[in-house]
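Given next are the chains, with one letter for each unit.
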Amino acid sequence: MELSRERLVAAVVARCRNDHIEPPAPAKVQRLVGRAVTDFEAQFCRSRVERISHATRSRLEDLVAGSEDDMGEGADGEGAVSGGGRSHFAELKADPGAPGLESLLAEVNKLQRVRRLELPADLFADVSEKLVDAWRARASKEYPANLERMKPPRRLTLLAALCHVRQTEITDSLVDLFIQLVLKINTRAERKVDKELNAELKRIRGKDAMLLRVAEAALSEPSGTVRRVIYPVVGGEKTLKALAAEAAANEARYKARVRTVLRSSYSAHWRRMLSPLLGALELKCNNTSYRPVMDAIDLLQRYLDQPLKEGAFFDPAESVPLAGVVPEQWRAAVVDDKGRVERIPYELCVLVALRDAVRRREIWVVGANRWRNPEDDLPADFEDNRDVHYAALGQPQDAGEFIAALQGKLRTSLDRFETALAEGTTGGVLIVKKHGEPWIRVSPRGKQEEPESLVAIKGEIERRWGTIDLLDILKYAEFDTASLRSSPRWPPARCCRRTCCGAGCCWSCSAWARTWGSSGSR
């Protein structure tokens, strides 16, 4: 579907010439296209409103009702409701804040408010997503007061398009926040334990000097054997075995400490997100034979209303999924000596497993876009024309052949990386250890040079006008184009009555008036 009027005009002219018809004058073609677009939009609005129930229409109207009374001099341009809170309409358009528990709970509340509108599922099923997105963009730019002045069919269609698209976007944002928060919980615990252990390591003496002697011995005779070069400087094989055992004990202690910190922070703070999150998201899995994470989520949902004070463990009669949910290093923290499964550490493991399953698209979310059913991404005729689609992708249909080719590429890349490590040509990429496990460290990239085109543009602007204010550019652009007059979108309660630039706008006009005088001289 084409939405640009310029391209529609060009299409009309091209059609006339293709049919050997003399095209009308350009102004007349534009009028014809404008009238056709207006008629299409009117019919589109009527057909959408007919699908909306009276109760839903009333709820949509409530989103913008009374907005003029809510707006005042201290508002931020979106309007404020009595009591200092933001209006539902402004809240609906707002993006989620920084990853945090309050941001996640706010998104859950926002999603529940949109769902309470009860928009029909097939409201925009017979139109293109491009058209719906265009109406959503138009609605997001409007102020509530402007929407109130529109005719009901157009106003309701704009609000319905905005809420319809925002419901999907909010669901995606909620899943994104959940994924980020699970990572944030684990990262914070690791940083806290790192800080504690580093403070302890500073009090241990002797190891730094021993490491220095080992390094000097290895550099002085790099071709020698470990037994002949390293053993003498550390005191023999027995000392190295003791150091290795101590390091292993420290690593086990580190992981145990991380689990303790995770459990403490989750039970005291982060656990508040569990019930709202599971209540807001409808999770699905296409695998019907092996679905341990979904079984674990069903178990958690059955226990949401049971306080921890009534039972810190699951009922022994419950079949608690462990394989595929609880990692081996967490088994001792989840299952006690009597075989009982503790709820707090198990919930943590389920959230981590859910995060991983959502990211690999094993579990998908109903009503989402980025996290939707992966089968929806396939063509409608995929099963009937599987060979055609595989040929278009350039991939084999046999899974074993695909895996073998992928493994070959990975082996080749690893061989090249190993050769570069040996030759010292990796450009700063190194393999180190973090928490006792291999870790690839990439050196940060240096500052990139400024593009020549951007340098030229800056130089030309400075040569012509010197250092200028962005507000001045906006003011003179309005003087030349009158763009703000043709599309007034500023809150009427703060209008400057066309005393500055004549656009009837708000804060920008008042700022210009303070700078240039209330006469708005040009």
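Computed from a predicted model, the values in this text were never measured in an experiment. (Residues numbered from 1 in each chain as written. Predicted model: local features only at pLDDT ≥ 70, side-chain atom pairs only at ≥ 80, totals over all residues. Heavy atoms only, no water.)

## Re the nonpolar core
Phase 1: Leu60, Leu104, Tyr346 and Ile363 are the most contacted members of the largest nonpolar core, which has 87 residues in total.
Phase 2: Considering each element in turn, this core owes the most residues, 19 residues, to helix α9 (residues 152-201). (Core = buried A, V, L, I, M, F, W, Y, C linked by side-chain atoms within 4.5 Å. Buried < 20%, exposed > 50% of the residue type's maximum accessible area, 1.4 Å probe, protein only. Helix = DSSP H or I, 4+ residues; strand = E, 2+ residues; numbered from the N terminus.)

## Comments concerning a nonpolar patch on the surface
Phase 1: Among the surface-exposed residues, Ile457, Ile461, Trp465, Ile468, Leu470 and Ile473 lie close enough to one another that they form a single nonpolar patch of about 610 Å² accessible area.
Phase 2: Broken down by secondary-structure element, the contributors of at least two residues to the nonpolar patch are α19 (452-465) and α20 (470-481).
Phase 3: Ranked by residue count, the leading element in the nonpolar patch is α19, at three residues.
Phase 4: On the secondary structure map, Ile468 appears in the loop between α19 and α20. (Patch = residues over 30% accessible without salt bridge, like charges linked within 9 Å, V, L, I, M, F, W, Y side chains within 5 Å. Areas by Shrake-Rupley, 256 points an atom, 1.4 Å probe, with all protein chains shown as cover. Salt bridge = Lys/Arg side-chain N within 4 Å of Asp/Glu carboxyl O.)

## Examining the packing of helix α14 (residues 292-302) against helix α16 (residues 343-359)
Phase 1: Two elements in contact, α14 and α16, have axes whose closest approach is 10 Å; the angle formed by their N-to-C orientations is 135°. The pairing of α14 with α16 is recorded here as oblique in orientation. Relative to α16, α14 is oriented so that their crossing is left-handed. On α16, the residues touching Val293, Ala296, Ile297, Leu299 and Leu300 of α14 are Tyr346, Glu347, Val350, Ala353 and Leu354. (Axes fitted to C-alpha atoms, helices over the stretch in contact; angles between N-to-C directions. Parallel < 35°, antiparallel > 145°, perpendicular 65-115°, else oblique. Left-handed = near helix turned anticlockwise from the far one by under 90°. Contact = heavy atoms within 4.5 Å.)

## Things to note about the confidence of the model for the protein
Phase 1: Counting all residues, the mean pLDDT for the protein is 81, and 83% of those residues have values of 70 or more.
Phase 2: The weakest mean pLDDT in the protein belongs to helix α4 (residues 67-70) at 44; the strongest belongs to strand β2 (residues 363-365) at 94.
Phase 3: Note that pLDDT drops below 50 for residues 488-522; the model gives that stretch 61 contacts with residues more than four away or on any other chain. (pLDDT = per-residue confidence, 0-100.)

## A look at the packing of aromatic side chains
Phase 1: Taken as a whole, this structure holds six aromatic pairs when the rule is applied.
Phase 2: Taking 6.2 Å as the distance between ring centres and 15° as the angle between the ring planes, the aromatic pair formed by Phe40 and Phe44 counts as stacked. Within this pair, Phe40 and its partner Phe44 are both found in helix α2 (residues 26-51), separated by four residues, close to a single helical turn.
Phase 3: We classify Phe40 as partly exposed; its relative accessible area is 35%.
Phase 4: Phe44 gets classed as buried once you look at its relative accessible area, which sits at 2%.
Phase 5: Seen from their ring centres, Phe44 and Phe124 are 6.3 Å apart, and the 35° between their planes marks the pair as tilted. Linking Phe44 in helix α2 with Phe124 in the loop between α6 (101-115) and α7 (129-141), this pair joins segments that are 80 residues apart in sequence. For the residue pair Phe44 and Phe124, the accessibility class agrees, reading buried in each case.
Phase 6: Ring pairing ties together the aromatic residues Phe40, Phe44, Phe124 and Trp135, which thus form one cluster.
Phase 7: The ring of Trp135 is capped by Arg138, whose NZ or CZ atom sits 4.4 Å from the centre of that ring.
Phase 8: In this structure, Arg340 is placed above the aromatic ring of Phe313, and the distance from its NZ or CZ to the ring centre is 4.0 Å. (Phe/Tyr/Trp six-rings, centres within 6.5 Å; stacked < 30°, edge-to-face > 60°. Lys NZ or Arg CZ within 6 Å of the ring centre and 35° of its normal.)

## Let's talk about the packing of α2 against α7
Phase 1: Running from N to C, α2 and α7 cross one another at 90°; their axes reach a closest spacing of 14 Å. Judged by the angle between their axes, α2 and α7 are roughly perpendicular. Along the contact surface, α2 presents Phe40, Glu41, Phe44 and Cys45, while α7 presents Leu131, Trp135 and Arg138.
Phase 2: For the contact of α2 with α7, the per-class residue count stands at five nonpolar, no polar and two charged. (Nonpolar A, V, L, I, M, F, W, Y, C, P; charged D, E, K, R; others polar.)

## Let's talk about unusual backbone geometry
Phase 1: One non-glycine residue, Glu118, lies in positive phi territory at about 60°.
Phase 2: Among the secondary structure elements, Glu118 is positioned in the loop between α6 and α7.
Phase 3: Positive phi is not limited to glycine here, since Arg361 has a value of about 65°.
Phase 4: With respect to the helices and strands, Arg361 occurs in the loop between α16 and β2.
Phase 5: Given a relative accessible area of 25%, Arg361 falls into the partly exposed group.

## Section: the pattern of salt bridges
Should their charged atoms come close, side chains of opposite charge can pair.
Phase 1: Tallied over the full model, the rule gives 29 salt bridges.
Phase 2: A salt bridge links Arg155 to Glu61; its shortest N-O distance comes to 2.9 Å. Taken together, the positions of Arg155 in helix α9 and Glu61 in helix α3 (residues 54-62) put the pair 94 residues apart, joining distant regions of the chain.
Phase 3: Residue Glu61 is classed as partly exposed on the basis of its relative accessible area of 23%.
Phase 4: In this structure, Glu460 engages Arg464 in a salt bridge whose closest nitrogen and oxygen atoms are separated by 2.7 Å. With a gap of four residues between them, Glu460 and Arg464 both fall in helix α19, about one helical turn apart.

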